[in-house]
Amino acid sequence: MSTLPLTFFSVISTRAPFSFSHKSSSPSFSSSSVPFQRLELFRSISKTTTTRSFSSVFYPLKAKAMSELVQDKESGVAAAGSIGSGRPEVEHSRTFLDARSEQELLSGIRMEVEAGRLHPNVAAGLEEFYQNYRNAVFQSGDSTADEIVLSNMAVVFDRMLLDVEDPFVFEPYHKALREPFDYYMFGQNYIRPLIDFRNSYVGNLSLFNEIEEKLKQGHNVVLISNHQTEADPAVIALLLEKTNPHIAENLIYVAGDRVITDPLCKPFSMGRNLICVYSKKHMYDVPELAEMKRKANIRSLKEMALLLRGGSKIVWIAPSGGRDRPDPVTEEWYPAPFDSSSVDNMRRLIEHSGAPGHIHPLALLCYDIMPPPLQVEKEIGEKRMMTFHGAGLSVAPKISLPEIAAGCEKSEEDKDVYTQAVYKSVTEQYNVLKSAIHGKQGLEASTAGVSLSQPWN
């Protein structure tokens, strides 16, 4: 198995310090009109305790090699779903949870530096992180914005400090941690105040319902998607949490290595189901580690094959290998092109899983909330912009290879034609979301292929 030519691209890359860029929004809108769970919803913490991108690209795998991956039974209990179900809380500083004001919260950062538990550089990033989040949430016009910011950021700082004191190590397959602390709701509550639900839309809700039914019947589903921000998993889950909570909570993201190593990102990653990989873009940053990374990626692929073999799994992957960027000339945002090898290998995994499988194109528009830097950066520590803005999500009917590549003579041609068909669907859906949100056409932007709705209303 170790001879398989496998590598992955990165998916989510959340790094340190944020920088805020103001964008106008309606000051009269109150985000209290949408569901918001405050700090007490983290009550799954035991009362007895004191307490990058998401995407991936494979190199081509031979059909025989793919079949062998699926049949391999060497993996441990991770694929059975037992790893990551819980993490015992350890004794750690309550400096941030005890804060009752912004002044106390920010003073707590300095206290932790003086106590030697936080590095000064990390502390500086946390202060900027707080100010940027505060400014973005206040754009919503919510009368309780100060309460939202304080409660959310207190928990964010507490979780980050805990990971500094007791670092969490991710398995190749990481199952979202829901107890004794609910990291999933932690991430939901953090991103929720940044979404302008009044100007957000879901495309083809009925297809999401059909997908949920297929999952209950034991089918596997792969969502081939573009990738916009570090907040993509939370945005997807928030737009679906009312109508399709099963998808929102059980979606598995193929995630790059930075999402599980960056101290500002790890607590949010702990609340998502992940297949953890090393980024192809950063495979040779340290040449002597390249072979170790390749072997780790093979283990992760085996975990994915075993997961799919059990059926009823839904996987999200962004085969562009990173976040979308604007055109350098027009400054227009668009889905980055897909890597055909990545799409083809996901299709092969589905085919060899032994369970019925479906591949659906998924479009996501949310870059305004937390846009990436204009260029891909090698070093961890990118500056971020955050703002309160509408977001959009749309899914299209499944696309099967026989229907698309019937006239192709070579398998390599099949792969490219299929990938282009998936990418075309994602782009078409994206343009509808763009018209609805940026073009301010709202529900009127719906087309014959994309029916928009706001299921939270």
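What counts and what doesn't
Residues numbered from 1 in each chain as written. Predicted model: local features only at pLDDT ≥ 70, side-chain atom pairs only at ≥ 80, totals over all residues. Heavy atoms only, no water. Core = buried A, V, L, I, M, F, W, Y, C linked by side-chain atoms within 4.5 Å. Buried < 20%, exposed > 50% of the residue type's maximum accessible area, 1.4 Å probe, protein only. Helix = DSSP H or I, 4+ residues; strand = E, 2+ residues; numbered from the N terminus. Contact = heavy atoms within 4.5 Å. Expected span 1.5 Å × (residues − 1). Axes fitted to C-alpha atoms, helices over the stretch in contact; angles between N-to-C directions. Parallel < 35°, antiparallel > 145°, perpendicular 65-115°, else oblique. Left-handed = near helix turned anticlockwise from the far one by under 90°. Nonpolar A, V, L, I, M, F, W, Y, C, P; charged D, E, K, R; others polar. Pairing = 2+ DSSP bridges. pLDDT = per-residue confidence, 0-100. Phe/Tyr/Trp six-rings, centres within 6.5 Å; stacked < 30°, edge-to-face > 60°. Lys NZ or Arg CZ within 6 Å of the ring centre and 35° of its normal.

Q: What exactly am I supposed to notice about the nonpolar core here?
A: The nonpolar side chains of a soluble globular protein tend to be buried with one another. Counting residues in hydrophobic clusters, the biggest one holds 81 residues, and the most contacted among them are Met 153, Phe 157, Ile 191 and Val 235. Counting residues per element, this core draws most heavily on helix α4 (residues 145–165), which supplies 12 residues. Setting aside its immediate chain neighbours within four residues, Phe 157 contacts Phe 96, Leu 105, Ile 109, Leu 126, Phe 129 and Tyr 130.

Q: Would you mind going over helix α3 (residues 120–138) with me for this structure?
A: Since there are 3.6 residues in each turn of an α-helix, residues three or four apart along the chain are aligned in direction. Between its first and last C-alpha atoms α3 spans 27 Å; for 19 residues at 1.5 Å apiece the expected length is 27 Å, and the two agree. Those residues of α3 lying buried are Ala 123, Gly 125, Leu 126, Phe 129, Tyr 130, Asn 132, Tyr 133, Ala 136 and Val 137. Those residues of α3 hidden inside the fold are in contact with α2 (102–114), α4 and α5 (183–191).

Q: How should the packing of α2 against α3 be read in this particular structure?
A: When two helices pack together, their arrangement is captured by the angle between the axes and the distance separating the axes. Direction vectors running N to C along α2 and α3 enclose 165°, while the axes themselves pass 9 Å from each other. One finds that α2 runs roughly antiparallel with respect to α3. In this structure, α2 meets α3 at a crossing whose hand is right-handed. For the pair formed by α2 and α3, the contact residues are Glu 102, Leu 105, Leu 106, Ile 109, Arg 110 and Val 113 on the first element and Pro 120, Ala 123, Leu 126, Glu 127, Tyr 130, Gln 131 and Arg 134 on the second. Residue composition of the contact of α2 with α3, by class: eight nonpolar, one polar and four charged.

Q: Please explain unusual backbone geometry as it appears in this structure.
A: Peptide bonds are mostly trans, and most non-glycine residues show a negative phi. Note that the residue after Glu 179, namely Pro 180, is joined by a cis bond; omega there is 0°. With respect to the element layout, Pro 180 can be found in the loop between β2 (173–174) and α5. In the Ramachandran plot, Ser 312 falls in the positive-phi region, its phi being about 60° despite a non-glycine side chain. Tracing the backbone shows Ser 312 in the loop between α10 (290–309) and β7 (314–317). The phi torsion at Glu 331 lies on the positive side, around 65°, for a residue other than glycine. In this fold, Glu 331 is placed in the loop between β7 and α11 (340–351). Among the residues examined, Glu 331 registers a relative accessible area of 62% and is labelled exposed.

Q: Explain the pairing of strand β5 (residues 252–255) to me, please; I cannot follow it from the model alone.
A: Residues in a regular strand point their side chains to alternate faces of the sheet. Burial along β5 is two-sided: Ile 252 and Val 254 and Tyr 253 and Ala 255, pointing in opposite directions, are all buried. Strand direction decides the pairing type here: β5 and strand β6 (residues 273–276), joined by four bridges, are parallel. Across the sheet, Val 254 pairs through a bridge with Ile 275, a residue of β6. The sheet contact formed by β5 and β7 spans two bridges and is parallel. In the strand pairing of β7, Tyr 253 is matched with Trp 316.

Q: What is the right way to read the sheet that holds strand β10 (residues 452–453) from this model?
A: Through backbone hydrogen bonds, the strands of a sheet pair up, either in parallel or in antiparallel fashion. Strand order in the open sheet made by the nine strands is β2-β6-β5-β7-β4-β8-β9-β3-β10, with mixed pairing throughout. Each edge of the open sheet is held by one strand with a lone partner, namely β2 and β10. Looking at chain direction, strand β3 (residues 201–203) and β10 are connected through two bridges and run antiparallel. Looking at β10, one finds that Gly 203 is bridged to Leu 452.

Q: How do you make sense of the confidence of the model for the protein chain when you look at a structure like this?
A: Any residue range with low pLDDT should be treated as having predicted coordinates unsuitable for detailed reading. Scored by pLDDT, the protein chain has a mean of 81; 76% of the residues are at 70 or more. Predicted confidence for residues 1–53 stays below pLDDT 50, and this span has 220 contacts to residues more than four positions away or in other chains. Note that residues 55–84 has pLDDT below 50 and, in this model, 99 contacts with residues that lie over four places away or in other chains.

Q: Looking at this structure, I do not really get the packing of aromatic side chains. What am I missing?
A: Working definition: an aromatic ring pair is given by the centre-to-centre distance plus the angle between the planes. Across all of its chains, the model carries 13 aromatic pairs by this definition. Taken together, a centroid distance of 5.6 Å and an interplanar angle of 55° make the contact between Tyr 253 and Trp 316 tilted. Taken together, the residues span a long stretch of sequence, with Tyr 253 in strand β5 and Trp 316 in strand β7 at a distance of 63 residues. Each member of the pair, Tyr 253 as well as Trp 316, carries the same accessibility label: buried. Among the aromatic residues, those joined into a ring-pair cluster are Phe 129, Tyr 133, Phe 181, Tyr 183, Phe 186, Tyr 190 and Phe 268. One cation-aromatic arrangement involves Arg 159 over Phe 181; the distance from NZ or CZ to the ring centre is 4.0 Å.

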